[in-house]
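The lines below spell out each chain.
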Amino acid sequence: MNSNVYDVAITGGGLAGLTLAIQSAGAGYSTLLIEKEQYPFNRVCGEYISMESYGFLQRMGVPLHEWDLPVIDILHVSDIKGRVYQFNLPLGGMGISRYKLDDTLYHVALKKGVHVITQTRVNNITYNHSLFTIETAGRNFIARCAAGAFGKRSNLDVKWQRPFVLSKARRLNNYIGVKYHVRYKQQKNVIALHNFSNGYCGISNIEDGLCCLCYLTTAHALHGSGNNIKQMEEKVLAKNSLLGEIFAGAEFIYKEPLTISQVSFAGKSRMYNHVLLIGDAAGMITPLCGNGMSMAMHGGKLAFENISDFLQGKIDRPAMESRYSEQWQQHFGKRLFTGRWVQRMFGNDTATTLFLKLAQKNAWLAEKLITATHGTSF
């Protein structure tokens, strides 16, 4: 094979892209990863990660046992008026910033021999004669296998005219996310979800005595506050007394929040023109389920196993693609469906309160819903 042809080329260096790159390089495949930002950097993310990922991250070379991360096993949910309902998290999770985790995985990837190119945007990925061309402004790259791990919404989604991008604004595809790092006295083992009109806000501990404060709402709700985030926080979020206390009493580390718009929870395909899509590019679970980070990495593992079998000649390309898509649906389809259903119960005064009362009185229901949005160790 031509030495100028990579075995695997990955667009996007989040958790899915980085862990796929580490596995590929670790198996001896020549691996390229292209990321549009420069590490380390922050991302809009809830930064709670399910314990189902613990062993996998350790195998990826992340020294979790050395970091003394907050372990989270209790969920507090408040309704719009600030009344709190408590639930156990059967599997539990840990708090860690994407700034720290992504940067650690980036350095592991470099040590494994991954060719990482940062501050570079991929403009297109084309397929011809069993090879992919990855096009950037500076140069093009050739690969036998290509994976897209470019997040919730990217220039490639628009260029490829993926259906969720073309859809009219509606309930599942027109959200905005806002994130801060703050200093606040949040109970170490608790992740809290606080409802407000048309949205919910999560807060949990991460490393270095900080908390991640991240909320999701609709573009319509922001528009109703004059497209002013500060005004929306003061006039809408603070109507929940607990959120009012957090925004009044926390020390905000960022000068300005990190934001992302046009977030979609609509169904997405796992393939585009033979490119395997992983992470949020393949489908996004609602943040209230707190499990997107684990899903991204598990998806990267599934992609690697199928890519590896293809590169070893055990299966052909059609089998690789169909098997990956089927496995992705098998592992994550139910989780996404359940997450969308639960999200319908949040951000509404009457419906949220009734739902939370029902879940608290019926422990089996709460446990079943939480279990349905989480997986097992992989």
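Above: the structure in question.
An account of the accompanying structure is given in this report. Remember, it's a predicted structure, so these values are computed and weren't measured experimentally.

Description of the nonpolar core
With 101 residues, the main nonpolar core has Phe87, Leu101, Ile125 and Ile134 as its most contacted residues. Sort the elements by how many residues they give to this core and helix 10 (residues 292-311) lands first, with ten residues. Apart from residues lying up to four places away in sequence, Ile134 is in contact with Ala9, Thr11, Ile34, Val122, Asn124, Ile125, Arg139, Asn140, Phe141 and Ala143. Within the second largest apolar cluster, 19 residues are counted, among which are Ile203, Leu237, Leu243 and Ile246.

Regarding helix 9 (residues 241-249)
When we look at burial in helix 9, the residues that qualify are Leu242, Leu243, Ile246 and Phe247. Axial view of helix 9: buried residues confined to an arc of 130°, hence all on one face. Turned more than 90 degrees away from the buried face of helix 9, the exposed residues are Ala248 and Gly249. You can read the cap of helix 9 off the contacts: a side-chain oxygen lies 2.9 Å from the backbone nitrogen of Leu242, and it is on Asn240.

Here's the deal with the packing of aromatic side chains
One pass over the structure, following the stated rule, counts 16 aromatic pairs. Between Phe196 and Tyr215, the aromatic rings sit 5.9 Å apart at their centres with planes inclined by 85°, giving edge-to-face as the arrangement. One end of the pair, Phe196, is in strand 11 (residues 190-196); the other, Tyr215, is in strand 13 (residues 211-218), with 19 residues separating them in the sequence. Residue classification places Tyr215 among the buried residues on the basis of a relative accessible area of 2%. With a centroid separation of 6.5 Å and 70° between ring planes, the pair formed by Tyr215 and Phe247 is classed as edge-to-face. Of this pair, Tyr215 sits in strand 13 while Phe247 is found in helix 9, placing the two residues 32 residues apart along the sequence.

A short note on the environment of Ala248
Counting through the fold element by element, Ala248 comes out in helix 9. On the accessibility criterion, Ala248 (69% relative accessible area) is exposed.

Some words on the pattern of salt bridges
Going through the model one piece at a time under the given rule, you end up with 13 salt bridges. Residue Arg83 pairs with Asp79 through a salt bridge whose shortest N-O separation is 2.8 Å. Across the pair Glu251 and Arg183 runs a salt bridge whose closest N-O atoms are separated by 3.9 Å. Taken as a pair, Glu251 in strand 14 (residues 251-252) and Arg183 in strand 10 (residues 175-183) lie far apart in primary sequence, 68 residues in all.

Some thoughts on the pairing of strand 8 (residues 131-136)
The two faces of the sheet receive side chains in turn, since in a regular strand these alternate between them. Judged by which residues are buried, strand 8 turns out to be one-sided: Phe132, Ile134 and Thr136 face inward and are buried, whereas Leu131, Thr133 and Glu135, on the alternate face, are not. Relative to strand 8, strand 7 (residues 122-128) runs antiparallel, the two sharing six bridges. Bridging from a neighbouring strand, Asn128 pairs with Leu131 of strand 8. Between strand 7 and the antiparallel strand that follows it, strand 8, lie two residues; His129 among them carries a positive phi value of about 55°. Sheet analysis places strand 8 next to strand 9 (residues 140-148), joined by four bridges and oriented antiparallel. Among the inter-strand pairings, Ile134 is bridged to a residue of strand 9, identified as Phe141. The loop that links strand 8 with its antiparallel partner strand 9 comprises three residues.

Concerning unusual backbone geometry
Residue Pro40 is reached from Tyr39 by a cis peptide bond, and omega for that bond is -10°. Looking at the secondary structure, you find Pro40 in the loop between strand 2 (31-34) and strand 3 (48-50). Phi at Asn198 is positive, roughly 70°, even though this residue is not glycine. Here Asn198 lies in the loop between strand 11 and strand 12 (199-205).

Each value, and the rule that gives it
- Residues numbered from 1 in each chain as written.
- Predicted model: local features only at pLDDT ≥ 70, side-chain atom pairs only at ≥ 80, totals over all residues.
- Heavy atoms only, no water.
- Core = buried A, V, L, I, M, F, W, Y, C linked by side-chain atoms within 4.5 Å.
- Buried < 20%, exposed > 50% of the residue type's maximum accessible area, 1.4 Å probe, protein only.
- Helix = DSSP H or I, 4+ residues; strand = E, 2+ residues; numbered from the N terminus.
- Contact = heavy atoms within 4.5 Å.
- Arc of directions from axis to C-beta.
- Polar contact = N/O pair within 3.5 Å; in protein donor to acceptor, adjacent residues only side chain to side chain.
- Phe/Tyr/Trp six-rings, centres within 6.5 Å; stacked < 30°, edge-to-face > 60°.
- Salt bridge = Lys/Arg side-chain N within 4 Å of Asp/Glu carboxyl O.
- Pairing = 2+ DSSP bridges.

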